[in-house]
Every structure is written in structure tokens, then in C-alpha cells.
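Chain by chain, the residues run as shown.
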Amino acid sequence: ESKAGFISASDKGITVALNTELTEELIADGIERELVSKVQTLRKEAGFEVTDRIRIFYCAKGRAGEALNKAAFASDVLAVSVEEGSADGYSKEVDINGEKVTLTLVNLWRLCCNGQYTYFKFKHIEFDLWLYIIPTMYNIIFYEFCTEYI
């Protein structure tokens, strides 16, 4: 029989015991992993490419709000920022460990092609940056075309 807060198993003379107590740190890590999972699911639902950089906006309280405020997981989901609030983008209410959270994902990279060259449009709050990629016979030349302030 195991002590309270532990689980154990024995086989061939070896006993292993695990501490099953959930600490605040373990709970916070679990919420963070759940956020990563939800964001990745939303990225897929929104049709984003695996390599697209995003901004995350959220409305949340409690432990989920604390994890979003810390944004330690941002690099795991290619988020350049995690901010409280709302924006135009792919938005959905999700359940994070029993807490209702509204997440909005904004795609920063858009790939377009007009037959002669390929370009990425980087959308930012203050400006649009157009980066043209001109394919050549031996390599790819990156060329910054223009910056339009809005």
C-alpha cells in the first residue's frame, strides 16, 4: 500500500515510488503546455503555415491569464508577441484547465507570387514591409523593396 501523495509499484524485488502531489510549479507548467497545444490547434484551423510568425492576443484571468502574461511559451509557437486584448485575426474561445480563454492569432507572414518573383508581406501595427525574393540560376537574392507606413 502506498503512502498518501505517492504511488508505487514493485516487480522482481524492485520498488518504484512516485510523488503524485501537484505543486504550483507543476500546475503552471501544465497550463503552459496546454496553451501551446491550443495555439498549435488554432494555427492549423486558421490555415497558417508551420513557419508563419504570429502575434497572440488574449482575454483571460486566473492561472491561464498569468501564463499568457509571462509568455514563456511564445517561441514554441513562433509568436513574436503575446498581448492582452483583441485584434483582427483568427479568434476562438478555448478551455484551459477549466478556465475560459479567448485567443486571437494574427498571421504576420503572407506569401504571394505573381509569376516573376515571390514576396513576403510582413504586417506590423506601424508599417508594412515588403521583402522580395528574386530567384536566380544559382541562389536566391533577398531584396527589400519598400516600406509603407500606415
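Our structure's up above, just so we're on the same page.
A brief report on the enclosed structure follows. Computed from a predicted structure; not experimentally measured. (Residues numbered from 1 in each chain as written. Predicted model: local features only at pLDDT ≥ 70, side-chain atom pairs only at ≥ 80, totals over all residues. Heavy atoms only, no water.)

A closer look at a nonpolar patch on the surface
- A cluster of nonpolar residues, I7, I14, V16 and L18, forms a patch on the protein surface that exposes about 400 Å² of accessible area.
- The biggest single contributor to the nonpolar patch is strand β2 (residues 14–19), with 3 residues.
- The class for I14 is exposed, based on a relative accessible area of 56%. (Patch = residues over 30% accessible without salt bridge, like charges linked within 9 Å, V, L, I, M, F, W, Y side chains within 5 Å. Areas by Shrake-Rupley, 256 points an atom, 1.4 Å probe, with all protein chains shown as cover. Salt bridge = Lys/Arg side-chain N within 4 Å of Asp/Glu carboxyl O. Helix = DSSP H or I, 4+ residues; strand = E, 2+ residues; numbered from the N terminus. Buried < 20%, exposed > 50% of the residue type's maximum accessible area, 1.4 Å probe, protein only.)

Focus: the pairing of strand β3 (residues 54–59)
- Across the 6 residues of β3, 5 count as buried, placing the element largely inside the fold.
- Two strands pair when backbone bridges link them, and β3 and strand β4 (residues 79–84) are joined in this way by 5 bridges, in the parallel orientation. Note that in β4 the partner of I54 across the bridge is A79.
- Judged from the 6 bridges that link them, β3 and strand β6 (residues 99–107) form a sheet pairing that is antiparallel. Note that in β6 the partner of R55 across the bridge is V106. (Pairing = 2+ DSSP bridges.)

Thoughts on the nonpolar core
- With 24 residues, the main nonpolar core has I56, L68, F73, V82, V101 and L103 as its most contacted residues.
- Going through the elements one at a time, α1 (24–46), β3, α2 (62–70), β4, β5 (90–96) and β6 are the ones with two or more residues in this core.
- Contacts of L68, omitting those with residues within four sequence positions, involve L35, Y58, A60, F73, V82, V101 and L103. (Core = buried A, V, L, I, M, F, W, Y, C linked by side-chain atoms within 4.5 Å. Contact = heavy atoms within 4.5 Å.)

Some remarks on the pattern of salt bridges
- Here the structure, examined in full by the defined rule, presents 6 salt bridges.
- The salt bridge involving E32 is made with R33; its shortest N-O contact spans 3.2 Å.
- Two residues, D95 and K100, come together in a salt bridge whose shortest N-O distance is 3.7 Å.

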